[in-house]
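# Coordinate analysis (summary)
Now for the letters of each chain:
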Amino acid sequence: MEEINGKTKITGIIGYPLTYTLSPAMHNRAFEALKLNYRYLPFVVEPKNLEDAIKGIKALNIQGINVTMPHKETVVNLLDELSTEAQIIGAVNTIKNDNGRLTGYNTDAGGFIRALEKESFNPAGKIAIILGTGGAAKAVAVALAQAGAASIIIVGRSINKAETVASSLRSNFQEISVKTLTFKDNLADISQIGELIVNATPLGMKESGDLLPVPLEFIKATHFVYDLIYTPLETALLNGARHKGARASNGLGMLLYQAASAFEIWTGTSAPVEVMHQALIQGLKSGDRPDNVQKKNSRVST
Ligand code: NAP
């Protein structure tokens with residue numbers, strides 16, 4: 001890797017506590033592979049220091065920053081401009097600094113669609129069921145709406161939270177049918193009509209055991225099941241779906257492609273996706289796995 005010198009461009013990630021992140025490995029390996037004079041660093045930023053940190057991006061001429069928990073939503077009001085999806089989602093995970101002008105993007109949304117494309121699943125005209133109503137569910141919902149899904153059904157613990165996601169979709173994508181349900185409702189009817197099922201809850205993560213967001217009877221062989229979780233790589237939901245003959249994918253693709261999109265926004269160069277994928281796999285195999293860290297901290301960063 002080229003020595004750091006006066007021309008080295010700095011990128012990185014801000015979050016708190018930022019105990020575990022695979023992003024530095026992915027981005028630094030990508031810069032190295034393309035011989036770009038960039039570095040990617042972790043910046044632990046407490047919520048009370050977020051505003052100063054954002055000013056610091058300008059002051060220090062940092063080229064690009066990823067934003068992770070808990071700053072994705074609060075950072076929105078501190079930027080000069082937002083991409084369309086960041087505006088609708090109300091959350092930013094990538095900032096680009098153009099000569100002191102900061103633009104916020106949400107590459108989780110595009111990353112999710114690129115991951116579906118890689119699996120040869122085109123959401124256009126399809127009926128999608130999203131389980132969960134948090135930040136990731138919102139990014140997935142907006143991504144699917146932008147990609148032309150015909151109908152989106154949001155299932156949450158709280159009907160009010162599901163309605164909040166739905167009303168933002170309805171006001172921005174009038175042509176799409178948007179419905180809401182809770183996990184306690186009878187879900188048999190939507191199971192029959194749904195084509196894409198997305199788990200955007202943490203149910204199934206290592207520390208939650210083999211918990212399922214919906215009973216396996218919900219899954220049909222005709223479904224494509226996308227679980228945003230990537231630790232473990234095979235959740236009980238994915239395993240059950242495969243046994244039923246459904247197509248299934250974990251969240252590694254979304255993680256990879258949100259990073260690839262951020263890389264492309266910052267450098268203007270196509271990301272070396274395979275190099276980044278290898279960095280991810282290596283990071284997940286290492287002793288300091290997110291699920292080990294999770295036991296102590298309960299949050300995994302981008
Ligand atoms: P979040 O904002 O905390 O939202 C979590 C959602 O799951 C909320 O709707 C929450 O409901 C629901 N939930 C939590 N526990 C539940 C339970 N026991 N039963 C039913 N619903 C439950 O989290 P997030 O950022 O959206 O992340 C959600 C998942 O996606 C996590 O597993 C995260 O690791 C993963 N993720 C993956 C990627 C990727 O690149 N692959 C990117 C982002 C997130 P309440 O609001 O009622 O609590």
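Treat the numbers as computed from the prediction; the structure is a model and nothing was measured. (Residues numbered from 1 in each chain as written. Predicted model: local features only at pLDDT ≥ 70, side-chain atom pairs only at ≥ 80, totals over all residues. Heavy atoms only, no water.)

At a minimum axis distance of 10 Å, the contact between helix 1 (residues 23-33) and helix 9 (residues 252-267) shows a crossing angle of 50°. As judged from the angle between their axes, helix 1 and helix 9 are oblique. As for the relative orientation of helix 1 and helix 9, their crossing is right-handed in sense. Side by side, helix 1 and helix 9 meet where Met26, His27, Ala30 and Phe31 of the first sit next to Leu255, Leu256, Gln258, Ala259, Ala262, Phe263, Trp266 and Thr267 of the second. Each residue belonging to the contact of helix 1 with helix 9 can be placed in one class, and the counts come to nine nonpolar, three polar and no charged. (Axes fitted to C-alpha atoms, helices over the stretch in contact; angles between N-to-C directions. Helix = DSSP H or I, 4+ residues; strand = E, 2+ residues; numbered from the N terminus. Parallel < 35°, antiparallel > 145°, perpendicular 65-115°, else oblique. Left-handed = near helix turned anticlockwise from the far one by under 90°. Contact = heavy atoms within 4.5 Å. Nonpolar A, V, L, I, M, F, W, Y, C, P; charged D, E, K, R; others polar.)

Summed over all chains, the structure comprises eight salt bridges. One salt bridge connects Lys48 with Glu46, and the closest N-O pair in it is separated by 3.7 Å. Taking relative accessible area as the criterion, Lys48 reaches 65% and is therefore assigned exposed. For the salt bridge of Arg170 with Glu163, the shortest nitrogen-to-oxygen distance reads 3.0 Å. (Salt bridge = Lys/Arg side-chain N within 4 Å of Asp/Glu carboxyl O. Buried < 20%, exposed > 50% of the residue type's maximum accessible area, 1.4 Å probe, protein only.)

Let's shift gears to the sheet that holds strand 8 (residues 151-156). The sheet built from six strands is open, its strands ordered 9-8-7-10-11-12 with parallel pairing. Taken across any chain shown, the strands that pair with only one partner, and hence form the sheet edges, are strand 9 (177-182) and strand 12 (247-249). For this sheet, the mean inter-axis angle between neighbouring strands, taken without regard to orientation, is 15°. Where strand 7 (residues 127-131) meets strand 10 (residues 196-199), four bridges bridge the pair, whose relative direction is parallel. (Pairing = 2+ DSSP bridges.)

To continue, consider the site of the ligand. Around the ligand there are 20 residues in total, and Thr133, Ala136, Arg157, Lys161 and Leu228 lie nearest to it. A distance of 3.3 Å is found between an oxygen atom of the ligand and a backbone nitrogen or oxygen belonging to Gly134. Within the complex, 76% of the 920 Å² of free accessible area of the ligand lies under protein. Looking at the shell around the ligand, the elements with two or more residues in it are helix 5 (135-146) and helix 9. (Near = heavy atom within 4 Å. Polar contact = N/O pair within 3.5 Å; in protein donor to acceptor, adjacent residues only side chain to side chain. Areas by Shrake-Rupley, 256 points an atom, 1.4 Å probe, with all protein chains shown as cover.)

Phe112, Leu144 and Leu196 are the most contacted members of the largest nonpolar core, which totals 61 residues. No other element matches the ten residues that helix 9 contributes to this core. Not counting chain neighbours up to four residues away, the residues in contact with Phe112 comprise Val140, Ala143, Leu144, Leu196, Val198, Tyr226, Leu228 and Met254. Formed by 17 residues, the second largest nonpolar core is a distinct cluster that contains Ile190, Ile219, Leu237 and Ala241. (Core = buried A, V, L, I, M, F, W, Y, C linked by side-chain atoms within 4.5 Å.)

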